[in-house]
Amino acid sequence: MQNVASAHGSIVLEARQASKFLAHGVGEVKKAFVDLDLDVHRGQRIAIFSVNPYEARTLLDCLSGVEQPDQGSVLHHGLVSWPLGANQAFHKKLSGYMNARFAAEIYSQSGSIEHDLLLIQELTGADDRTFHEPLSSWRVPMRKSLELAVSLAFEFDVTLVGKISGWDHRAVHPASVRIRDLFERRIDGRTLLIAAPGQNRLALDYCDEGMVILDGRLAYRGDPEVCQLMVKEETQRLKAERRQRVNARISRLVADVEGDDFDSEDPDMEDAQESYSDADLFPGSSSMPFSESVVASNRQDRPV
Amino acid sequence: MIRRSLGLALSQLLLQIRIVGAVAQRELQLRSAKGLFGVAGVFLEPLALIATFLALRILIRSSGEGDYINVVLWLALGFIPFFMFADIAIKAISGVQKGGDLYFYRRLRPLDSLMGNALLTTQIFGTMMLVFVLGVAAWEWRAILYSPGVAIFQFLGIAMLGFGLGLSTLIVGHRLPFVAWVIKSVLRRILLWTSCIFFPIRIIPIEFRHWILWNPIAHGVELLRQSFNPAYPIPGVSAIYFWVWVVGSIGFGLFIYGNNEELLYSPEQLAGTERPGDEL
């Protein structure tokens, strides 16, 4: 990750040949994104859509700098926020005030630390006593509020939004409205990137552009409504494929077991049973072999 | 134009100072929250260690070196700077992984975290030094510090030497983990016996003295003692040698840090994700 001083026109964030892989079981990896080239210009508002939520969120983590890409590079040409809605730097043994103060010391404008801390306390809804207690004694919703409040207290050139829980931007509750107002002030005239999975409404309401990550590749960049449709269709297609595979597998197993009942001594059937490989039926799955469990349970049920 | 650049540089410098201060404060809060005695425990723990060493040394060798400086102060002037140096260096070598969650805030860089830790350690040991100096001054009821400026300067020099060596070892150790392991082992064991903590440099026979005088900490410790009494003899000790080490280690550390900062962030490569040309 590099911070490069302007002289890059209006580009505030760029990814060059960036790839990220995630560990998935023993010795297996799944790709979040591969060879991604991306330019984000000042003032753009982009929603990132993907079938698997981890693809969009991992991309956002890498663009924010919280994670490093395994290959390629991500360049910042301005102050980029961490993904709003989470905060891994909070320490449970420290009070809300101490955690907030630490963030304020790093990100507040000179001379406005106390003001920012008051704003954070107000948005969190914590009284003075609670605010000075260790985070471990806080209720989870209030801790989430603090994470969101700390994210919104400072100004960034690029605001990234991960999964926000505990705040509905369309709600009319005064606290939600207060957060919405502040959120809109923070993104006014600035760049915004939102991970859409799980919060499509937020993404569609605030973004005028979308991009779709399918199978680790940038499949489309354009209208966010189209992106949403693409993801929906892809999800349905994958579901149908999975259902087909499972049905085919079950019917083969049923046929197997029936054939086994008639001719349990037939060695060819045993060979056939073994030939059903899990990889064939559940590609990419590392779960317990389904065929064996069904056959085993059938065998147990069978009268001796 | 120049005015604007100066203003920008100044604001960056102030931000840097604020961030380093915030890291030091957070580290103090964390240590206080984890320990039994809160903030007092943070200071009491190293004080107890040094008091134990002092007691042992006085019991074993009685009050040997009391000719020029009070023996307790003389020993404290060896132990405190040395333990500060070792703490700063060791924390710098292993401190980046420990503070990993802090880098969630991208404005904070590994160097800030290392500097924050070094600042806190210097504050803790500086406070202890003050306690000993004031305690001995009260005991003897006279001013025992001849040149406070030199003493502060030397004390900070030893802290900076620890930071410079730790920073250099951190980066080199990332490429060659064996080096980090060796230096960590050497720091507390060999240097403890060659830094003029238990003996003054003047009692070392001339033919062996140069074996001790390669060690810059020995120079720093003896110069620090001399700042309390100008009559304290320090044959062969050189302030220039000491400060060349301080400036050299920090300069080298910052130079290789600047060229290898990415190394400290890089994730471990997952098996099976190498590109065809990666292994070449």
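Residues numbered from 1 in each chain as written. Chains lettered and ligands numbered in written order. Predicted model: local features only at pLDDT ≥ 70, side-chain atom pairs only at ≥ 80, totals over all residues. Heavy atoms only, no water.

**So, the packing of helix α3 (residues 113–124) of chain A against helix α6 (residues 174–187) of chain A**
Residues and elements named next belong to chain A. Closest axis-to-axis distance for the α3/α6 pair is 10 Å, and the angle between their directions is 135 degrees. Viewed along their axes, α3 and α6 adopt a mutual orientation that is oblique. Pair α3 / α6 crosses with left-handed handedness. Each of Leu 119, Glu 122 and Leu 123 in α3 lies in contact with α6, whose residues at this interface are Arg 178, Ile 179, Leu 182 and Arg 186. (Axes fitted to C-alpha atoms, helices over the stretch in contact; angles between N-to-C directions. Helix = DSSP H or I, 4+ residues; strand = E, 2+ residues; numbered from the N terminus. Parallel < 35°, antiparallel > 145°, perpendicular 65-115°, else oblique. Left-handed = near helix turned anticlockwise from the far one by under 90°. Contact = heavy atoms within 4.5 Å.)

**Re helix α4 (residues 110–140) of chain B**
At 3.6 residues per turn, the α-helix brings residues three or four places apart onto the same side. An ideal rise of 1.5 Å per residue puts 45 Å on 31 residues; α4 of chain B measures up with 45 Å between its terminal C-alpha atoms. Of the residues trailing α4 of chain B, Trp 141 of chain B is marked for its positive phi of about 55 degrees. (Expected span 1.5 Å × (residues − 1).)

**Quick look at empty space enclosed by the protein**
Think of a ball as big as a water molecule: rolled over the atoms, this probe shows where empty space is left. Throughout the structure, instances matching the rule amount to two cavities of 30 Å³ or more. Tyr 97, Met 98, Arg 101, Phe 102 and Glu 105 of chain A together with Ala 22, Gln 25, Arg 26 and Gln 29 of chain B together form the lining of the largest cavity. For the lining of the largest cavity, the elements supplying multiple residues, two or more each, are α2 (96–107) of chain A together with α1 (2–34) of chain B. When residues of the lining of the largest cavity are assigned to their parent elements, the largest contribution, five residues, is made by α2 of chain A. A class-by-class count of the residues in the lining of the largest cavity yields four nonpolar, two polar and three charged. Estimated volume of the second largest cavity: approximately 30 Å³. (1 Å grid on protein atoms, 1.4 Å probe; cavity = no way out; pocket = protein on both sides within 12 Å on 5 of 7 lines; lining within 4 Å. Points joined across faces, edges and corners; volume = space filled by probe spheres on them. Nonpolar A, V, L, I, M, F, W, Y, C, P; charged D, E, K, R; others polar.)

**Things to note about the packing of aromatic side chains**
Under the criterion given, the structure shown has 23 aromatic pairs over all chains. Measuring from centroid to centroid gives 5.3 Å for Phe 53 of chain B and Phe 79 of chain B, while their planes differ by 45 degrees, and the two rings are tilted. Within this pair, whereas Phe 53 of chain B is found in helix α2 (residues 38–61), its partner Phe 79 of chain B is found in helix α3 (residues 71–98), the two being separated by 26 residues in sequence. Judged by centre distance (6.0 Å) and plane angle (70 degrees), the ring pair of Phe 104 of chain B and Tyr 105 of chain B falls under edge-to-face. Comparing Phe 104 of chain B with Tyr 105 of chain B shows no difference in burial state: the two are buried. Ring pairing ties together the aromatic residues Trp 82, Phe 102, Tyr 107, Phe 154 and Phe 156 of chain A together with Phe 104 and Tyr 105 of chain B, which thus form one cluster. Note that Lys 30 of chain A overlies the ring of Tyr 54 of chain A, its terminal NZ or CZ placed 4.1 Å from the centroid. (Phe/Tyr/Trp six-rings, centres within 6.5 Å; stacked < 30°, edge-to-face > 60°. Buried < 20%, exposed > 50% of the residue type's maximum accessible area, 1.4 Å probe, protein only. Lys NZ or Arg CZ within 6 Å of the ring centre and 35° of its normal.)

**Structural notes on the interface of chain A and chain B**
On the chain B side, the residues contacting the 40 residues of chain A number 29 residues. In total, chain A and chain B occlude about 3000 Å² of area from one another, counting both sides; carbon and sulfur atoms represent 58% of this. The tally of links from chain A across to chain B stands at eight residue pairs in polar contact (both at pLDDT 80 or more). Elements that contribute at least two residues to the side of chain A that touches chain B include exactly β2 (11–23), β3 (29–41) and α2 of chain A. For the side of chain A that touches chain B, the leading source of residues is α2 of chain A, giving eight residues. Residue composition of the side of chain A that touches chain B, by class: 21 nonpolar, 14 polar and five charged. (Buried area = accessible area lost by both parts, 1.4 Å probe. Polar contact = N/O pair within 3.5 Å; in protein donor to acceptor, adjacent residues only side chain to side chain.)

**Comments concerning the confidence of the model for chain A**
All names here are of chain A. Considering every residue of chain A, the mean pLDDT works out to 81; 82% of them sit at 70 or more. The low-confidence segment residues 1–7, where pLDDT is below 50, has 17 contacts with residues more than four positions distant or belonging to other chains. Predicted confidence is poor over residues 269–304, with pLDDT under 50, and the contacts of this stretch with residues over four places away or in other chains come to 40 contacts. (pLDDT = per-residue confidence, 0-100.)

**Points about the environment of Leu 84 of chain A**
Considering the arrangement of structural elements, one finds Leu 84 of chain A in the loop between β5 (71–76) and α2. Placed 80 residues apart in sequence, Leu 84 of chain A and Ile 164 of chain A show a C-alpha to C-alpha distance of 6.9 Å.

**Quick look at the pattern of salt bridges**
According to the stated counting rule, one finds 21 salt bridges over all chains in the structure shown. The closest approach of N and O atoms between Arg 16 of chain A and Asp 37 of chain A, which form a salt bridge, is 4.0 Å. In this pair, Arg 16 of chain A is assigned in strand β2 and Asp 37 of chain A in strand β3, connecting sequence segments 21 residues apart. Judged by relative accessible area, Arg 16 of chain A falls into the partly exposed class, the value being 29%. Given the relative accessible area of 40%, Asp 37 of chain A is considered partly exposed. As a salt-bridge pair, Arg 142 of chain B and Glu 140 of chain B come within 2.7 Å of each other at their nearest N and O atoms. (Salt bridge = Lys/Arg side-chain N within 4 Å of Asp/Glu carboxyl O.)

**With respect to the side chain of Arg 26 of chain B**
Note that Arg 26 of chain B resides in helix α1. Under the relative-accessibility criterion, Arg 26 of chain B is labelled buried at 3%. In contact with Arg 26 of chain B, not counting residues within four places along its chain, are Ala 89, His 91, Leu 94, Asn 99 and Phe 102 of chain A together with Asp 101 and Leu 102 of chain B.

**Details of the nonpolar core**
Counting residues in each nonpolar core, the largest one holds 70 residues, and the members touching the most others are Ile 50, Leu 73, Phe 79, Ile 80 and Phe 125 of chain B. Those elements that place two or more of their residues in this core are α2, α3, α4, α5 (148–175), α6 (177–188), α7 (190–193), α9 (216–226) and α10 (239–265) of chain B. Ranked by the residues each element gives to this core, the list is headed by α3 of chain B, at 17 residues. Sequence-distant contacts of Phe 125 of chain B, that is, excluding residues within four places in its chain, are made with Pro 46, Ile 50, Ile 80, Phe 83, Met 84, Asp 87 and Phe 155 of chain B. Counting residues in each nonpolar core, the second largest holds 59 residues, with Leu 135, Met 142 and Trp 167 of chain A together with Phe 104 of chain B among its members. (Core = buried A, V, L, I, M, F, W, Y, C linked by side-chain atoms within 4.5 Å.)

**Observations regarding the pairing of strand β9 (residues 217–222) of chain A**
Residue and element names in this part refer to chain A. Inspection of the sheet shows strand β8 (residues 209–214) paired to β9 by five bridges, in the antiparallel sense. Directly across from Val 212, in β9, lies its bridge partner Tyr 220. Where β8 folds back on β9, the antiparallel hairpin that results is connected by two residues, among which Asp 215 adopts a positive phi of roughly 55 degrees. (Pairing = 2+ DSSP bridges.)

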